[in-house]
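Close look at the chain arrangement
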Amino acid sequence: MHEMSIAQSLLDIIKEEMAKNDAKVLRTVRLHIGQLTAIVPESLSFCFEVMTAGTELEGAKLIMEIIPLVGHCQSCDRDFQIENYAFACPYCQSTDIKTVSGEELSIVEMEVE
Amino acid sequence: MKVSVVKNILEANERIAQQNRALFDEKGLTVMNLMSSPGAGKTILLEKTIDALKDQLRVGVIEGDIQSSQDAERIASKGIPVVQINTGGACHLDGNMIRDTFGEFDFDSLDLLVVENVGNLVCPAEFKVGEDFKAMILSVTEGDDKPSKYPLMFHESSVLLINKIDLLPYVDCSVEKIKEESLKINPQITIFEISCKTGEGLDKWFKWLKQFVEHRKASFSGNA
């Protein structure tokens, strides 16, 4: 249940960005959640809802996009989707893999008024 | 109006973790973040490690628990500097909690600082504290399906200690399967098979840890 800490960090960023943009109303917040992160989207939505209830941010919605795990093979220079968390290249079997996406936990866009 | 933001949500924690790390670097101090489920054997591993290495390494410990100071008392009885953090419900330690303990330690007189995280196989993996490496324990009584169920923890850890191997005759758990699955998720992970009860396999771990701390210190002096 670390979604509560994450919701708090998210709120801090949202408030900072709203102040910067002189925004008063928050409609939606778009997030990218990597497949490898241990985040439960429903739980994060619930925590966000609880924390914004009764505040000026009440009613704002989180839109979460799950980002698939993609690796880049350092040996044969190809990208591939990592299935079943197997960090090995399906083309050349090398285990020298760089993670391209799937580890992110980011806020990407806010709709404000 | 749409506002493009693009920020890591955990950025604030990661910034603090980096500042912690910079201080540890300055002191040439090795910091290990030790994680596992509750009851896998973190504190007993620490006790055994301190007993074996205390004449060779100066060790300090941060104990993270939701409640109680039992673990800190166990460590303090060994004459080791220890600080207990009670998270009061939070399921993990973060960079800020670690920073708050800094006044309690004399880092110049330490070689190794161990952060014993809150017992939990999920959340601690997500929060950096400024460590050099993460080590995790999986005990054989937990079952060999854990790597595929908790991939982030196995992916983030540099070291996996498979504990309680003395109980293997009594449980349906394949060490080979744990190793195979863990290496699939993290091909670079270093694995030790140990029993903190009988002492089996611990010597290899002590040796590895001591070498790591010495290399870290040497690379620090080299850069200074």
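Scroll up to find the structure this text is about.
**Comments concerning the overall build of chain A**
- When helices and strands are tallied, chain A shows two helices and six strands.
- The N-to-C order of helical and strand elements in chain A reads α-β-α-β-β-β-β-β.
- Each principal axis of the C-alpha distribution contributes one length, and for chain A these read about 55 × 30 × 15 Å.
- For chain A, the proportion of its 113 residues judged to be buried stands at 43%.
- Taking the intrachain contacts of chain A between residues at least 6 apart in sequence as the baseline, contacts between residues at least 24 apart amount to 66%.
- Summed over its atoms, the accessible surface of chain A is roughly 5800 Å², and 48% of this surface lies on carbon and sulfur atoms.
- Taking the average location of the 8 positive side-chain charges in chain A and that of its 19 negative ones, the two points are 4 Å from each other.

**Overview of the nonpolar core**
- Core analysis: the biggest nonpolar cluster contains 28 residues, and L10(A), I14(A), L26(A), V29(A), L31(A), I107(A) and M110(A) have the highest contact counts within it.
- Where this core is concerned, the elements lending two or more residues are helix 1 (3-20), strand 1 (26-34), helix 2 (41-52) and strand 6 (105-112) of chain A together with strand 1 (2-8) of chain B.
- If you tally residues by element for this core, the top one is helix 1 of chain A, at seven residues.
- When neighbours within four sequence positions are excluded, V29(A) is seen to be in contact with L10(A), I14(A), K61(A), L62(A), I63(A), I107(A), E109(A) and M110(A).
- Ranked by size, the runner-up nonpolar core spans 27 residues in total, among them L53(B), F192(B), C196(B) and L202(B).

**Section: unusual backbone geometry**
- One non-glycine residue, Y85(A), lies in the positive phi region at around 55°.
- Mapped onto the elements of the fold, Y85(A) is located in the loop between strand 4 (79-81) and strand 5 (97-101).
- Positive phi is not limited to glycine here, since K164(B) has a value of about 65°.
- Tracing the sequence through the fold places K164(B) in the loop between strand 7 (159-163) and helix 7 (175-185).
- K164(B) gets classed as partly exposed once you look at its relative accessible area, which sits at 22%.

**As for the interface of chain B and chain A**
- Counting residues at the interface gives 24 residues for chain B and 31 residues for chain A.
- For the pair chain B and chain A, the two sides together bury roughly 2500 Å², of which 65% comes from carbon and sulfur.
- Summed over the three residues of chain B that lose the most area to chain A, namely M1(B), K7(B) and I9(B), the buried surface amounts to 27% of that side.
- Here chain B is connected to chain A by two salt bridges.
- Note that K7(B) is salt-bridged to E16(A), the shortest N-O span being 3.3 Å.
- Our count for the chain B to chain A interface comes out at eleven residue pairs in polar contact (both at pLDDT 80 or more).
- Of all the secondary-structure elements, those providing two or more residues to the side of chain B that touches chain A are strand 1, helix 6 (151-156) and helix 7 of chain B.

**Observations regarding helix 1 of chain A**
- Relative to the 26 Å expected for 18 residues at 1.5 Å per residue, helix 1 of chain A spans 25 Å between its end C-alpha atoms, a close match to the ideal helical length.
- The set of residues buried in helix 1 of chain A consists of E3(A), I6(A), A7(A), S9(A), L10(A), L11(A), I13(A), I14(A), E17(A) and M18(A).
- Looking at the buried side of helix 1 of chain A, the elements it contacts are strand 1, helix 2, strand 2 (61-67) and strand 6 of chain A together with strand 1 of chain B.

**A word on the side chain of S195(B)**
All names here are of chain B.
- Of note, S195 is situated in the loop between strand 8 (190-193) and helix 8 (202-223).
- Note on S195: relative accessible area 0%, which makes it buried.
- Here the side chain of S195 touches D166 through a polar contact of 2.8 Å, side chain to side chain.
- Sequence-distant contacts of S195, defined by excluding residues within four places in its chain, comprise N163, K164, I165, D166, E200 and L202.

**Some remarks on the environment of L161(B)**
Residue and element names in this part refer to chain B.
- Tracing the chain through its elements places L161 in strand 7.
- L161 sits in the buried class, given a relative accessible area of 0%.
- Separated by 26 residues in the primary sequence, L161 and P187 place their C-alpha atoms 15 Å from one another.
- When sequence neighbours within four positions are dropped, the list of residues in contact with L161 reads L45, M136, I137, L138, F192, I194 and W205.

**As for the sheet that holds strand 1 of chain B**
- Taken together, four strands build an open sheet; the order of strands is 2(A)-1(A)-6(A)-1(B) and the sheet is mixed. Taken across any chain shown, the strands that pair with only one partner, and hence form the sheet edges, are strand 2 of chain A together with strand 1 of chain B. Averaged over neighbouring strand pairs, the angle between their axes works out to 20° when direction is ignored.
- Across seven bridges, the pairing between strand 1 of chain A and strand 2 of chain A is parallel. By the bridge assignment for strand 2 of chain A, I33(A) is matched with I66(A).
- Relative to strand 6 of chain A, helix 1 of chain A is tilted by about 40°, and along the sheet it contacts strand 1, strand 2 and strand 6 of chain A together with strand 1 of chain B.

Cut-off values and rules
- Residues numbered from 1 in each chain as written.
- Chains lettered and ligands numbered in written order.
- Predicted model: local features only at pLDDT ≥ 70, side-chain atom pairs only at ≥ 80, totals over all residues.
- Heavy atoms only, no water.
- Helix = DSSP H or I, 4+ residues; strand = E, 2+ residues; numbered from the N terminus.
- Buried < 20%, exposed > 50% of the residue type's maximum accessible area, 1.4 Å probe, protein only.
- Contact = heavy atoms within 4.5 Å.
- Areas by Shrake-Rupley, 256 points an atom, 1.4 Å probe, with all protein chains shown as cover.
- Lys, Arg positive; Asp, Glu negative; His and termini not counted.
- Charge placed at Lys NZ, Arg CZ, Asp CG, Glu CD.
- Core = buried A, V, L, I, M, F, W, Y, C linked by side-chain atoms within 4.5 Å.
- Buried area = accessible area lost by both parts, 1.4 Å probe.
- Salt bridge = Lys/Arg side-chain N within 4 Å of Asp/Glu carboxyl O.
- Polar contact = N/O pair within 3.5 Å; in protein donor to acceptor, adjacent residues only side chain to side chain.
- Expected span 1.5 Å × (residues − 1).
- Pairing = 2+ DSSP bridges.
- Axes fitted to C-alpha atoms, helices over the stretch in contact; angles between N-to-C directions.

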